[in-house]
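Close look at the chain arrangement
Chain residues, written in single-letter form:
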Amino acid sequence: MVPNIRVGLGFDVHRLVKGRELWLGGVHIEHNYGCDGHSDADVLLHAICDALLGAAGLRDIGFHFPNTDASFKNIDSKILLDKVNKLLIEKNWSVGNIDATLAMERPKINPYVPEMVKTIARILHIEEGNISIKATTNETMGYVGKEEGVNAWAVAMIYRE
Ligand SMILES: [Zn+2]
C-alpha cells in the first residue's frame, strides 16, 4: 500500500529594518534590526506555514491571512502557525516532520534553535525530534549578505492515517 503522505515547500523573505523586534521561529532574538512586515514578520514561521499549507494543497499564507486585513497587523506568527495546523487537522492531516533553513549574517542563530524547536513542537503537537532548524549565512553576498533581508525555506511532510 502506498502511504498517504505529502510534502510541501515554503519560502519567505523579509526586509531587515531598524526599530522592529526580531522574531524568528516564534522566539524573540536580541538584535539591532528586526524583520519588517504586516505581522510580526517571523520569516521562519511563515516559511513553515507555507510548507504545511503547500503539502495539504491549501494555497498559501497570504491567501489565508492577507496583509490587507487589519486583524493580522503585528499578529504573533505563532497564532498563524496554530491556525494553519487547525486547517490541516480539519482535512485529517497530521504533521510528520519539518526541516527548515534560515539564511542571515547576524546574529548567530544556533543558540536559539532549541527554543525555536520547542516552541514549534508545542504549537503543532508533535515531538521535538520531528523538527529541524538550520542556519547559514550568505557569505556576505547579496541582500542577505548585506543584512538587508532574511531568507527562510522549509519543507514539511504530512500524512493521513
Ligand atoms: Zn512572511
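Above this text is the structure in question.
Residues numbered from 1 in each chain as written. Predicted model: local features only at pLDDT ≥ 70, side-chain atom pairs only at ≥ 80, totals over all residues. Heavy atoms only, no water.

Description of the overall build of the protein chain
We count it as follows: Helix and strand definitions follow DSSP, with helices as H or I runs of at least four residues and strands as E runs of at least two, each counted in order from the N terminus. For the radius of gyration, the atom set is restricted to C-alpha positions; the globular benchmark scales as 2.2 Å times the number of residues to the power 0.38. Note on classification: 1.4 Å probe, protein chains only; a residue is buried when its accessible area is under 20% of the maximum for its type, exposed when over 50%, partly exposed between these limits. The criterion used for residue contact is that any of the two residues' heavy atoms lie within 4.5 Å. The Shrake-Rupley method, run with a 1.4 Å probe sphere, supplies the accessible areas, and residue values consider only the shown protein chains as cover. Charge assignment in this entry is limited to Lys and Arg as positive and Asp and Glu as negative, and neither His nor the chain termini are counted. Every charge is mapped to an atom, namely NZ of Lys, CZ of Arg, CG of Asp or CD of Glu.
Of regular secondary structure, the protein chain possesses 5 helices and 7 strands. Taken over the C-alpha trace, the protein chain has a radius of gyration of 15 Å; the compact-globule value for 161 residues is 15 Å, and the two agree within 12%. Split into buried and exposed, the 161 residues of the protein chain put 47% on the buried side. In the protein chain, the proportion of contacts linking residues at least 24 apart, taken out of those at least 6 apart, comes to 73%. Roughly 8300 Å² of accessible area belongs to the protein chain as shown, and the carbon and sulfur atoms make up 53% of that amount. Positive and negative side-chain charges of the protein chain, numbering 17 and 21 respectively, have mean locations separated by a distance of 2 Å.

So, unusual backbone geometry
Excluding glycine, residues mostly carry a negative phi; peptide bonds, for their part, are mostly trans. The step from Arg-106 to Pro-107 runs through a cis peptide bond, and the omega angle for that step is -10 degrees. Note on placement: Pro-107 falls in the loop between β5 (94–103) and α4 (113–124). Despite not being glycine, Ala-41 has its phi angle at roughly 65 degrees, a positive value. Mapping Ala-41 onto the fold places it in the loop between β4 (34–35) and α1 (43–56). Notably, Arg-59 is not glycine yet its phi reads approximately 60 degrees, a positive angle. Within the element layout of this structure, Arg-59 appears in the loop between α1 and α2 (61–64).

Digging into the pattern of salt bridges
Selection criterion: The term salt bridge refers to a side-chain nitrogen of Lys or Arg lying within 4 Å of a carboxyl oxygen of Asp or Glu.
Inspection of the entire model under this criterion finds 4 salt bridges. Among the salt bridges present, the one from Glu-147 reaches Arg-106, with a minimum N-O distance of 2.9 Å. With a gap of 41 residues between them, Glu-147 in the loop between α5 (142–145) and β7 (149–159) and Arg-106 in the loop between β5 and α4 connect regions that are remote in the sequence. Assessed through its relative accessible area of 38%, Arg-106 is described here as partly exposed.

Observations concerning the side chain of Thr-119
Structurally, the position occupied by Thr-119 is in helix α4. The exposure class assigned to Thr-119 is buried, which follows from its relative accessible area of 3%. Excluding its chain neighbours within four sequence positions, the residues that come into contact with Thr-119 are Gly-25, Gly-26, Val-27 and Lys-78.

Some details on the sheet that holds β5
As a reminder of what qualifies: A pair of strands is considered paired only if DSSP assigns at least 2 bridges between the two. Note on geometry: axes are C-alpha line fits, over the in-contact stretch for helices, and angles between N-to-C directions span 0 to 180 degrees.
Ordered in space as β4-β1-β7-β5-β6, the 5 strands form an open sheet in which the pairing is mixed. Sheet topology places β4 and β6 (131–136) at the edges, where each strand pairs with a single neighbour. Across 2 bridges, the pairing between strand β1 (residues 5–17) and β4 is antiparallel. Bridge pairing in β4 places Val-17 opposite Gly-34. Each of β1, β5, β6 and β7 touches α1; the most contacted strand, β1, lies at about 155 degrees to it.

Thoughts on the coordination of the zinc ion
Ideal geometry at a metal centre gives angles of 109.5 degrees when four donors are arranged tetrahedrally and 90 or 180 degrees when six donors are arranged octahedrally. The condition is simple: Only nitrogen, oxygen and sulfur atoms qualify as donors, provided they sit within 2.8 Å of the metal or within 3.2 Å for Na, K and Ca; with water excluded from the atoms, sites may seem incomplete.
The zinc ion binds to the protein through Asp-12 (OD), His-14 (NE2) and His-46 (ND1), with metal-donor distances spanning 2.0 to 2.1 Å. Each donor residue of the zinc ion belongs to the same chain, with the gaps between them written as D-x1-H-x31-H. Residue Asp-12 is located in strand β1, and its partner His-46 is located in helix α1; the two are separated by 34 residues in the primary sequence. An identical accessibility class is assigned to Asp-12 and His-46; each is buried.

With respect to the pairing of β5
The element β5 is extensively covered by neighbouring structure, given that 7 of its 10 residues are classed as buried. Both β5 and β7 contribute to a ladder of 9 bridges, which runs antiparallel. Bridging from a neighbouring strand, Leu-102 pairs with Ala-152 of β7. In the sheet, β5 pairs with β6 via 6 bridges, with the strands oriented parallel. Bridging from a neighbouring strand, Ala-100 pairs with Ile-133 of β6.

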